Amino acid sequence: MLLIGLTGSIATGKSTVSSLLSSPPHSLPVVDADILARKVVEPGTNGYNAIVKYFGPTTPDLLVEPSDSMPENGPDGKGRPLNRPVLGRRVFGDSDERKKDRAVLNGIVHPAVRKEMFKSVLGCYLRGHWAVVLDIPLLFESGLDRFCGVTMVVAVSKADTQMSRLMARDAHLSREDAENRVLSQTDVRVKARRCEARGEGKGVVLWNDGPKEELARSLEEEMAKMHKASPEWWSWALLGCPPLALIVAAWRFWQNVEINKRWEASQRAEPKAKL
C-alpha cells in the first residue's frame, strides 16, 4: 500500500486537495491529522487533561465559557471543550515564549495523533486499499515523511497570496494573528523545494496559484502517474504476504532517511555557499 504524505501550509490549498483525493474519481481514504488532533484533546482524554494542567493556570479563558447550553463541567461531565482560538493565540508566533508553549503543546498532541494514525493506516492496509493519504500539516517537521512512499506539497509561489487567502477564509483573524499563524509554520516554498529534492516519483509539488479547476487537473495528472507505479494488484500482493509488506516498508523508510540526510546536508552547506 502506498502512503501519500500530503502537506502544505495554512491557506495554500491542502484541504482542497485532501477533499479532491477523498472524492471520485480518486476515492482514497484520508487520515487527517487535524481531525485526529481534535479527537485526542476532547474533554476526558489524557491530552485534554495535560493541556489544562499546563496552560490553565496562566490562561483563564482556556476553556469555552459556561452557558445555558454549556454546563460548568461540560455536557457529559468531563469538562468544557478547549477554546481553540485562545489556545492558538497562546502558541502561534515566533517569539521564544510562544515557541516554548508550542513545543509543549506538540509534545502532548503529536504522540497521541501518531498512535491514532497508525491504527487508521493499519485498517486501510487490511482492507486492501492501493493507497492512503496522510494529511499532515507538519509532515516534514514531525519526521513522518520517512514513512511515506510519496510526499505531496500544495504550495503558492507568493506569500501575499497566502496571507490574503487566510484573511478571507478566517475573517475573525486580525492581520497580526494571521501573520503569527503563517510564521509559526515552515515557509511553504521551503517545503516545496524539499519535496522536489526527493526526486521523480517520490516528491510532488502542486502549485496552487490559479483556480481550483487548474489544481484539480494537476492533481489528476500526478495521481495517474502514482497509480501506474503502484497498481492495485501490488497492494493485494502486499496484503497477501505481510513479510513482503514489511520489507517494502523498511526499504522506503531507509530511502527516505537517506533523502533527509542529503537535504539537511544541503541546508547546512547553503549558508556557507552564500558567504
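All residue numbers here refer to positions counted from 1 along the written sequence of the relevant chain. Reporting of local features is limited, given that this is a predicted model, to residues whose pLDDT is at least 70; pairs of side-chain atoms are given and counted only at 80 or more, and all residues count toward the totals for whole chains, interfaces and linings. The side-chain numbers reported here are obtained from all heavy atoms of the structure, hydrogens and water having been left aside.

- In the nomenclature of an unreviewed UniProt entry, the chain corresponds to Dephospho-CoA kinase from the organism Purpureocillium takamizusanense.

## Some remarks on helix 6 (residues 159–169)
In an α-helix there are 3.6 residues to a turn, and that puts residues three or four apart on one side.
Okay, so step 1: Buried means the residue's accessible area, taken with a 1.4 Å probe over protein chains only, is under 20% of the maximum for its type, while exposed means over 50%, and partly exposed covers the values in between. The numbering of helices and of strands both runs from the N terminus, where a helix is a DSSP run of H or I of at least 4 residues and a strand a run of E of at least 2. Those residues of helix 6 that sit buried are Gln162, Met163 and Leu166. Summarising the axial view, the buried residues of helix 6 lie within an arc of 95°, below the 170-degree limit, and thus occupy one face. Facing away from the buried side of helix 6 by over 90 degrees, the exposed positions are Asp160 and Ala168. Throughout, the arc means that of the directions going from the helix axis to the C-beta atoms.

## Re the UniProt feature "transmembrane region" (unreviewed entry) in the chain
Okay, so step 1: Here the UniProt-annotated "transmembrane region" (unreviewed entry) positions come out as residues 233–254.
Okay, so step 2: Each end of residues 233–254 is marked by a C-alpha atom, and these two atoms are 24 Å apart; helix forms 95% of the span and strand 0%. UniProt positions are given in the numbering used here, feature names are shortened, and annotations may be inferred rather than shown by experiment.

## Quick notes on unusual backbone geometry
Okay, so step 1: A cis amide bond, omega 10°, links Pro24 with the succeeding residue Pro25.
Okay, so step 2: With respect to the helices and strands, Pro25 occurs in the loop between helix 1 (14–22) and strand 2 (30–32).
Okay, so step 3: If you check the backbone angles, Ala11 has positive phi at about 65° while not being a glycine.
Okay, so step 4: Locating Ala11 in the fold gives a position in the loop between strand 1 (2–8) and helix 1.
Okay, so step 5: The exposure class assigned to Ala11 is buried, which follows from its relative accessible area of 12%.

## Remarks on the packing of aromatic side chains
Okay, so step 1: Only Phe, Tyr and Trp rings are paired, with Trp represented by its six-membered ring, and only when their centres lie within 6.5 Å; those with planes under 30 degrees apart are stacked, over 60 edge-to-face, the remainder tilted. Throughout the structure, instances matching the rule amount to four aromatic pairs.
Okay, so step 2: Consider the rings of Tyr54 and Phe55, whose centres lie 4.7 Å apart with planes at 80°: the pair is edge-to-face.
Okay, so step 3: A centroid spacing of 6.0 Å and a plane angle of 80° characterise the contact between Trp233 and Trp234, whose relative ring orientation is edge-to-face.
Okay, so step 4: According to the relative accessible area criterion, Trp234 is partly exposed, its value standing at 25%.

## Describing the packing of helix 3 (residues 46–55) against helix 5 (residues 96–126)
Okay, so step 1: Think of each axis as a best-fit line through the C-alpha atoms, taken over the contacting stretch in the case of a helix, with angles from 0 to 180 degrees between the N-to-C directions. Running from N to C, helix 3 and helix 5 point in directions that differ by 160°, and their axes come no closer than 9 Å. Judged on the interaxial angle alone, helix 5 and helix 3 are roughly antiparallel. The element helix 3 and its partner helix 5 pack so that their crossing is right-handed. Facing Gly47, Ala50, Ile51, Tyr54 and Phe55 of helix 3, the residues of helix 5 in contact are Lys100, Asp101, Val104, Leu105, Ile108 and Val109.
Okay, so step 2: Throughout this entry, Asp, Glu, Lys and Arg are counted as charged residues, while Ala, Val, Leu, Ile, Met, Phe, Trp, Tyr, Cys and Pro are counted as nonpolar. The remaining residues, Gly among them, count as polar. When its residues are assigned to classes, the contact of helix 3 with helix 5 shows eight nonpolar, one polar and two charged. Each angle gets one of four labels, with under 35 degrees taken as roughly parallel, over 145 as roughly antiparallel, 65 to 115 as roughly perpendicular, and the rest as oblique. A crossing counts as left-handed when the near helix is turned anticlockwise from the far one by less than a right angle, and as right-handed when that turn is clockwise. Contact criterion: two residues are considered in contact whenever any of their non-hydrogen atoms come within 4.5 Å of each other.

## Remarks on the layout of surface pockets
If a probe the size of a water molecule is rolled over the atoms, the empty space left behind becomes visible.
Okay, so step 1: In this model, the largest pocket occupies a volume close to 1500 Å³.
Okay, so step 2: Cavity: a set of points on a 1 Å grid over the protein atoms alone where a 1.4 Å probe fits but cannot get out. Pocket: an open set with protein on both sides within 12 Å along at least five of seven lines, its lining residues, like those of a cavity, having an atom within 4 Å of a point. Around the largest pocket, the lining is made up of 49 residues, and of these Asp34, Arg84, Phe92, Pro137 and Gln185 lie nearest the centre.
Okay, so step 3: Contributing elements (two or more residues each) for the lining of the largest pocket: helix 1, helix 2 (33–39), helix 4 (84–91), helix 5 and helix 6.
Okay, so step 4: If you tally residues by element for the lining of the largest pocket, the top one is helix 5, at eight residues.
Okay, so step 5: Space inside the second largest pocket adds up to approximately 700 Å³.
Okay, so step 6: In terms of lining, the second largest pocket is formed by 21 residues, of which the most central are Leu3, Phe118, Val121, Phe147 and Ala249.
Okay, so step 7: Secondary structure elements with two or more residues in the lining of the second largest pocket: helix 5 and helix 11 (242–274).
Okay, so step 8: In terms of residue count, the dominant contributor to the lining of the second largest pocket is helix 11 (seven residues).
Okay, so step 9: Along the lines of polarity and charge, the residues of the lining of the second largest pocket split into 18 nonpolar, one polar and two charged. Grid points are joined across faces, edges and corners, and a volume is the space filled by probe spheres set on the points.

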